[in-house]
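# Observations on chain architecture
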Amino acid sequence: QVQLVESGGGSVQAGGSLRLSCAASGRTLSNYATGWFRQAPGKEREFIAALSRSGSSTHYVDSVKGRFTMSRDNAKNTVYLQMNSLKFEDTAVYYCAARLAPYASDSSAYNYWGQGTQVTVSS
């Protein structure tokens, strides 16, 4: 019964930064593993990052390691994706997801999804 709402997307030049937010309501995210996914036109939905239920362990796809950082603010009941050194190939709709189980990289494992937020990186 958790609801997720993403925000923070927009247009940015290559090399710039954005921070995406995923605000949760209805339930506390301390009970959930959370993840970020993205999908570009004509491409498959791609796993980006995940955070364990404890909030102490993060996992990233190789293409964003060293550039993206996922975190959670328990007081705000919000997860974040800090994106630095953005590239044109990062352009996609970004989705936040959650599940009452350990983290997973398979999108089908997640029960709850936000509406998505567009990130456009110009070259």
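Relevant structure appears above.
So, a few notes on the structure that sits alongside this text. (Residues numbered from 1 in each chain as written. Predicted model: local features only at pLDDT ≥ 70, side-chain atom pairs only at ≥ 80, totals over all residues. Heavy atoms only, no water.)

### Structural notes on the state of the cysteines
According to the stated counting rule, one finds 1 disulfide in the structure shown. One disulfide bridge connects Cys22 with Cys96, the sulfur atoms lying 2.2 Å from each other. Between Cys22 and Cys96, the disulfide has an S-S torsion of -85° and is therefore left-handed. Placement of Cys22 in strand E3 (residues 18-25) and of Cys96 in strand E9 (residues 92-99) is noted, with a sequence separation of 74 residues between them. Neither residue differs from the other here; Cys22 and Cys96 are each classed as buried. (Disulfide = S-S within 2.5 Å. Helix = DSSP H or I, 4+ residues; strand = E, 2+ residues; numbered from the N terminus. Buried < 20%, exposed > 50% of the residue type's maximum accessible area, 1.4 Å probe, protein only.)

### What to know about the sheet that holds strand E7 (residues 68-73)
Spatially, the 4 strands line up as an open sheet ordered E1-E3-E8-E7, and their pairing is antiparallel. On the outer flanks of this sheet lie strand E1 (3-7) and E7, each paired with one strand and no other. With direction set aside, neighbouring strand axes in the sheet form an average angle of 15°. Taken together, the 6 bridges between E7 and strand E8 (residues 78-83) define a ladder with antiparallel strand orientation. Within the sheet, the bridge partner assigned to Ser71 lies in E8 and is Tyr80. (Pairing = 2+ DSSP bridges. Axes fitted to C-alpha atoms, helices over the stretch in contact; angles between N-to-C directions.)

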